[in-house]
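If you want the building blocks of each chain, they are given just below.
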Amino acid sequence: MLTFNWIQGKEPAFADAAKVRMQVFVTEQGYSPQGELDEQDEASLHIIGYNNGAPVCTARLFVDADKESYHVGRVAVLPVMRGQGAGLQLMQRVEEKAKQLRAKRLVLSAQADKTYFYHRAGFSPTGVTTLDEGQPHAEMEKYLGK
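All of these numbers come straight from a predicted model, not from anything done at the bench. (Residues numbered from 1 in each chain as written. Predicted model: local features only at pLDDT ≥ 70, side-chain atom pairs only at ≥ 80, totals over all residues. Heavy atoms only, no water.)

Q: Looking at this structure, how should I read the overall build of the chain?
A: What the chain contains, in helices and strands, is 4 helices and 7 strands. The N-to-C order of helical and strand elements in the chain reads β-α-α-β-β-β-α-β-α-β-β. Scaling as 2.2 N^0.38, a compact globule of 146 residues should have a C-alpha radius of gyration of about 15 Å, and the chain matches this with 14 Å. Viewed in the frame of its principal axes, the chain has a C-alpha envelope of about 35 × 35 × 30 Å. Here the chain, with 146 residues, has 45% of them falling under the buried criterion. Partitioning the intrachain contacts of the chain with sequence separation of at least 6 by distance along the chain shows that 61% fall at a separation of at least 24. With an accessible surface of roughly 7900 Å², the chain has 51% of that area assigned to carbon and sulfur atoms. Positive and negative side-chain charges in the chain, numbering 17 and 18 respectively, have mean positions lying 7 Å apart. (Helix = DSSP H or I, 4+ residues; strand = E, 2+ residues; numbered from the N terminus. Rg over C-alpha atoms; globule rule 2.2 N^0.38 Å. Buried < 20%, exposed > 50% of the residue type's maximum accessible area, 1.4 Å probe, protein only. Contact = heavy atoms within 4.5 Å. Areas by Shrake-Rupley, 256 points an atom, 1.4 Å probe, with all protein chains shown as cover. Lys, Arg positive; Asp, Glu negative; His and termini not counted. Charge placed at Lys NZ, Arg CZ, Asp CG, Glu CD.)

Here it is as structure tokens:
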């Protein structure tokens, strides 16, 4: 059973989020370690999912420039937990937090080969694509209602 913890900025528990992100994005997917941890981490809320006390998934959430949208980023699930619903549970908790913060919309930049996952979580493509370290990403959004 997964348990989730929210932290602000770079509290000590941020090391757990960083560990998951480095394993997924740097070790597994080949992104640069220098680009993985950035200045946005300090201003973000981070959610960390634990399985039997070990960190297994994470994401960050921060307000966008329009002050009504929140950006979801650095969504990472360790390989051992994939296909078991951990990612969808994580995204559900992110959406709940965004609603508590009175967000009207969630936005994210999905790796192009991961858009199916975000579609399952209720996100729709905006039609905008970008490159992150040479990898195609699709912007996606989810409206949260009033």
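Q: Mind showing me how you'd approach the pattern of salt bridges here?
A: Side-chain pairs of opposite charge can arise whenever the charged atoms involved come near each other. For the structure shown, the criterion picks out 13 salt bridges. With a shortest N-O distance of 3.1 Å, E36 and R74 are connected by a salt bridge. In this pair, E36 is assigned in helix 2 (residues 33-36) and R74 in strand 4 (residues 69-77), connecting sequence segments 38 residues apart. Its relative accessible area of 5% is what places E36 among the buried residues. For the salt bridge of R105 with E141, the shortest nitrogen-to-oxygen distance reads 2.6 Å. Here the residue R105 occupies a position in strand 5 (residues 105-111), and E141 occupies one in strand 7 (residues 135-143), the gap between them amounting to 36 residues. Here the residues in one salt-bridge network are R21, E36, D38, D41, R60 and R74, joined through shared partners. (Salt bridge = Lys/Arg side-chain N within 4 Å of Asp/Glu carboxyl O.)

Q: Got a minute to help me understand helix 1 (residues 14-28) in this structure?
A: Each α-helix turn comprises 3.6 residues. Residues three or four places apart therefore point the same way. When the terminal C-alpha atoms of helix 1 are compared, their 20 Å separation across 15 residues agrees well with the 21 Å that a helix rising 1.5 Å per residue should span. At M22, helix 1 shows its maximal bend, which comes to roughly 30°. Among all positions in helix 1, only F14, A17, A18, V20, R21, V24, F25 and V26 are buried. G30 sits one or two positions beyond helix 1 and adopts a positive phi of about 85°. (Expected span 1.5 Å × (residues − 1). Bend = angle between axes of the 7 residues up to and from the residue.)

Q: Would you mind going over unusual backbone geometry with me for this structure?
A: Residues apart from glycine generally show negative phi values, whereas peptide bonds are mostly found in trans. Positive phi outside glycine occurs at N52, with the angle close to 50°. Looking at where N52 falls in the secondary structure, it is placed in the loop between strand 2 (45-51) and strand 3 (54-63). What makes N52 exposed here is its relative accessible area of 75%. Phi at R102 takes a positive value of approximately 65°, unusual for a residue other than glycine. Inspection of the secondary structure assignment puts R102 in the loop between helix 3 (86-100) and strand 5.

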